[in-house]
There are 2 protein chains.
Amino acid sequence: MVALGGNAILKSGEKGTAEKQFENVGRTCRRLVKLVVDGYGLIITHGNGPQVGDILLKNELSRNVLFPMPLDVCGAQSQGMIGYMLQQSMRNELKKVGKEMPVVSLVTQTLVDESDEAFRNPTKPIGSFYDSSEMEVLRKERGWQMVDDSGRGYRRVVSSPEPRDIVERKAIKRLFESGVLVIAAGGGGVPTVVGEDGSLRGVEAVIDKDLVAQMLASYVKADFLLMLTDVKKVFLNYGKPDQVAIDRMNIAEARRYLREGHFAPGSMRPKVKAAIRFVEAGGEKTVICSLEKAVEALEGSAGTTIQKEN
Amino acid sequence: MVALGGNAILKSGEKGTAEKQFENVGRTCRRLVKLVVDGYGLIITHGNGPQVGDILLKNELSRNVLFPMPLDVCGAQSQGMIGYMLQQSMRNELKKVGKEMPVVSLVTQTLVDESDEAFRNPTKPIGSFYDSSEMEVLRKERGWQMVDDSGRGYRRVVSSPEPRDIVERKAIKRLFESGVLVIAAGGGGVPTVVGEDGSLRGVEAVIDKDLVAQMLASYVKADFLLMLTDVKKVFLNYGKPDQVAIDRMNIAEARRYLREGHFAPGSMRPKVKAAIRFVEAGGEKTVICSLEKAVEALEGSAGTTIQKEN
């Protein structure tokens, strides 16, 4: 199971043209193909931050002419878009090395609990920055919760609840087991709750993609969970003069570091949480590393490896 | 195999809010669930005209701030969006009648031939209307082919090539055969060509969804191809005083009517073409009818049935 960070599709500061995104996705897929050549079956999931941000902003800029779509629908759009880029590029890169296998991406919904405490305290900023008068209008007319984001302006905040289940997990598993390379749960999946009558309904929230990747990885009984990001390893005291790179840690150590507050919320913290959960649920190991070093990290010569015992 | 017309998601003149689209999709799914209750396995495909039109227009209205995505990427976005609405609603409606089965939608690419003569003569208008000065700018800056659309303004035209293959067909078939309700090839699939090095590449074109539905139906060896639209039956001399509804026709009759020019291009013509191809490839029958009468039409008491022999 491979979880791709946002930088696998668009690096921060890059121009978000379709060409640039295809170029990045192509490079990402060339690296992932090495894992297939090495004999691994893959399920790929990915972030969608910059893409869903663009879709949201296009909705806002057009709101006097066209109906804006809610966040769940925008998330599904981003799954279609990124899934398309990934599945086309994976197929192309596989073909270049003489491998032909079916590659598909599935629109995926992730169940969350309406009573999750995250819904009482939305903290995840999404979309554009607004000035205070725009902020007042959006608060009133759209019912958005808005916060001052580090003095750069006001932004909408939504909840980031815990994932509880993946609605399409059976189909994903069936495809994976039949030798299909599956792309699923993009952006953590579309957040969905079960209503009183048992019906599913999308909600405007975001779900951490690494926690969802773990859930899917454990469900399909994947051997490894690879979280590919823009840092080479997990660090203690990250960004401080005494920062220390971690090559390996066991679950007890990872838990202690978490408690000690070494890992940033929304960044390394959910990754380490996902790593612990995956190994506890029976997975062989989790690897957190840079996209460039995926193969080496899986072999143990790069990145940070988390296992039950050292 | 069921091909849903655009009216299954949004009727012309309706406000395109997410709520309205979910309402329509819910009603559509309640009808399709009857087919599942009757014991049929389903693959569903759907149009995407109004949705991709909205996405394109949002791109255009935001083009001074954000990079517009090309038509192939917008099509993939619409697949994610409509796929999400359909798979959530189908699951909900199935649950209401006590059926639980996996429902997924797959991002789908459809191969077209770069040498298709349609590419030399783009005829399919897409997106918004522009005045003549805007038209000149778009022609120069974006390289768009533009035409005067019935005096209502200028619109971009793209090609509508013949579908040649469905890239993800194997995975679709595997899922269908394992009892999954599959939603695929939305909007006819993302048009894709094979480049000189064998790589796939999206192109800015549109593919008739009914012709793609036929291709998929024949490939999975579906018994029936249902094309659900906003008219009750196929008509000869449609819209004229002497119009005649057709209850049944065989292939020879359908071919003759096509030759005689009874069916409108981009509307009933590709449906009848798809019907002929499906039955010729070994399918039992094709039914063209209104969404409301799907069950009755399959039983032969509504719509137009096309079979090899009467």
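So, a few notes on the structure that sits alongside this text. These numbers were taken from a predicted model, which means no experiment stands behind them. (Residues numbered from 1 in each chain as written. Chains lettered and ligands numbered in written order. Predicted model: local features only at pLDDT ≥ 70, side-chain atom pairs only at ≥ 80, totals over all residues. Heavy atoms only, no water.)

## Considerations on the overall build of chain A
- When you go through chain A residue by residue, the secondary structure sums to 9 helices and 17 strands.
- When contacts within chain A are restricted to residue pairs at least 6 apart in sequence, long-range pairs at least 24 apart make up 71% of them.
- Of the accessible surface of chain A, which amounts to about 12900 Å², a share of 46% is contributed by carbon and sulfur atoms.
- Here chain A holds 43 positive side-chain charges and 40 negative ones, and the gap between their average locations is 4 Å. (Helix = DSSP H or I, 4+ residues; strand = E, 2+ residues; numbered from the N terminus. Contact = heavy atoms within 4.5 Å. Areas by Shrake-Rupley, 256 points an atom, 1.4 Å probe, with all protein chains shown as cover. Lys, Arg positive; Asp, Glu negative; His and termini not counted. Charge placed at Lys NZ, Arg CZ, Asp CG, Glu CD.)

## Details of the interface of chain B and chain A
- Counting from both sides, the interface comprises 56 residues of chain B and, opposite them, 56 residues of chain A.
- For the pair chain B and chain A, the two sides together bury roughly 4500 Å², of which 66% comes from carbon and sulfur.
- On the chain B side of the contact with chain A, B:Lys58, B:Phe67 and B:Tyr84 bury the most area, a combined 15% of that side's loss.
- Between the two partners, chain B and chain A, sit 0 salt bridges.
- Counting every contact that joins chain B to chain A gives 20 residue pairs in polar contact (both at pLDDT 80 or more).
- Of all elements in the fold, only α1 (18-37), α2 (49-61), α3 (71-96), β3 (103-105), α5 (169-177), β10 (190-194) and β11 (200-202) of chain B reach the threshold of two or more residues within the side of chain B that touches chain A.
- At 13 residues, the largest contribution of residues to the side of chain B that touches chain A is made by α3(B).
- Here the side of chain B that touches chain A is composed, by residue class, of 25 nonpolar, 19 polar and 12 charged. (Buried area = accessible area lost by both parts, 1.4 Å probe. Salt bridge = Lys/Arg side-chain N within 4 Å of Asp/Glu carboxyl O. Polar contact = N/O pair within 3.5 Å; in protein donor to acceptor, adjacent residues only side chain to side chain. Nonpolar A, V, L, I, M, F, W, Y, C, P; charged D, E, K, R; others polar.)

## Quick word on helix α3 (residues 71-96) of chain A
- For α3(A), built from 26 residues, the straight-helix expectation of 38 Å at 1.5 Å per residue is met to within 8% by its first-to-last C-alpha distance of 37 Å.
- Looking one or two places after α3(A), you find A:Gly98, whose phi comes out positive at around 80 degrees. (Expected span 1.5 Å × (residues − 1).)

## Looking at the relation of the copies chain B and chain A
- Rotating chain B by 180 degrees and moving it 0.0 Å along the rotation axis overlays it on chain A with an RMSD of 0.0 Å. Such a turn and shift between the copies fits a two-fold axis.
- When the interface residues of chain B are mapped onto chain A, 100% of them again fall at the interface, so both copies present the same face. (Least-squares fit on C-alpha atoms with pLDDT ≥ 70 in both.)

## Brief notes about the pairing of strand β12 (residues 224-229) of chain B
All names here are of chain B.
- Of all 6 residues in β12, 6 are buried, a share of seventy percent or more.
- Side chains of β12 alternate between two faces, with Phe224, Leu226 and Leu228 and Leu225, Met227 and Thr229 buried alike.
- Pairing of strand β1 (residues 2-4) with β12 involves 3 bridges; the strand directions are parallel. Bridge assignment links valine 2 to a residue of β12, and that residue is leucine 226.
- Bridge analysis of β12 against strand β16 (residues 285-290) gives 6 bridges, and the strand direction is parallel. (Buried < 20%, exposed > 50% of the residue type's maximum accessible area, 1.4 Å probe, protein only. Pairing = 2+ DSSP bridges.)

## Some thoughts on the side chain of B:Glu168
- Within the fold, B:Glu168 resides in the loop between β8 (165-166) and α5.
- Although B:Glu168 lies buried, it forms no salt bridge, and the closest oppositely charged side chain, A:Arg91, sits 7.9 Å away as judged by the N-O distance.

## What to know about the packing of aromatic side chains
Residues and elements named next belong to chain A.
- Applying the stated rule across the entire model yields 8 aromatic pairs over all chains.
- Pairing tyrosine 40 with phenylalanine 224 gives two aromatic rings, centres 5.9 Å apart and planes at 80 degrees, and the pair type is edge-to-face. In this pair, tyrosine 40 sits in the loop between α1 (18-37) and β2 (43-46) while phenylalanine 224 sits in strand β12 (residues 224-229), placing the two residues 184 residues apart along the sequence.
- Judged by relative accessible area, which is 15%, phenylalanine 224 ranks as buried. (Phe/Tyr/Trp six-rings, centres within 6.5 Å; stacked < 30°, edge-to-face > 60°.)

## A look at the sheet that holds strand β15 (residues 248-250) of chain A
All names here are of chain A.
- Taken together, the 8 strands give an open sheet; going across it, the order is β3-β9-β2-β1-β12-β16-β17-β15, and neighbouring strands pair in mixed fashion. Edge positions in the sheet fall to β3 (103-105) and β15, since each of these pairs with one other strand and no more. Averaged over neighbouring strand pairs, the angle between their axes works out to 20 degrees when direction is ignored.
- Taken strand by strand, helix α7 (residues 251-259) contacts β15 and β17 (304-307), and its axis lies near 90 degrees from that of β15. (Axes fitted to C-alpha atoms, helices over the stretch in contact; angles between N-to-C directions.)

## What about the pattern of salt bridges?
- For the structure shown, the criterion picks out 42 salt bridges over all chains.
- As a salt-bridge pair, A:Glu93 and A:Lys96 come within 3.1 Å of each other at their nearest N and O atoms. In this pair, A:Glu93 and A:Lys96 both sit in helix α3, 3 residues apart, roughly one turn of the helix.
- Judged by relative accessible area, which is 8%, A:Glu93 ranks as buried.
- As a salt-bridge pair, B:Lys173 and B:Glu177 come within 3.7 Å of each other at their nearest N and O atoms. Taken together, the residues B:Lys173 and B:Glu177, both in helix α5 and 4 residues apart, mark about one turn of the helix.
- A residue is classified by how much of its surface remains accessible, and B:Lys173, at 22% relative accessible area, is partly exposed.

## Section: the packing of helix α6 (residues 209-219) of chain B against helix α8 (residues 268-280) of chain B
Residues and elements named next belong to chain B.
- Their axes nearest at 8 Å, the elements α6 and α8 cross at an angle of 10 degrees. Here α6 lies roughly parallel to α8, going by the angle between them. In this structure, α6 crosses over α8, and the sense of that crossing is right-handed. Here α6 contributes Lys209, Asp210, Leu211, Gln214, Ala217 and Ser218 to the contact with α8, which in turn contributes Pro270, Lys271, Lys273, Ala274, Arg277 and Phe278.
- Tallied by class, the residues present in the contact of α6 with α8 amount to 5 nonpolar, 2 polar and 5 charged. (Parallel < 35°, antiparallel > 145°, perpendicular 65-115°, else oblique. Left-handed = near helix turned anticlockwise from the far one by under 90°.)

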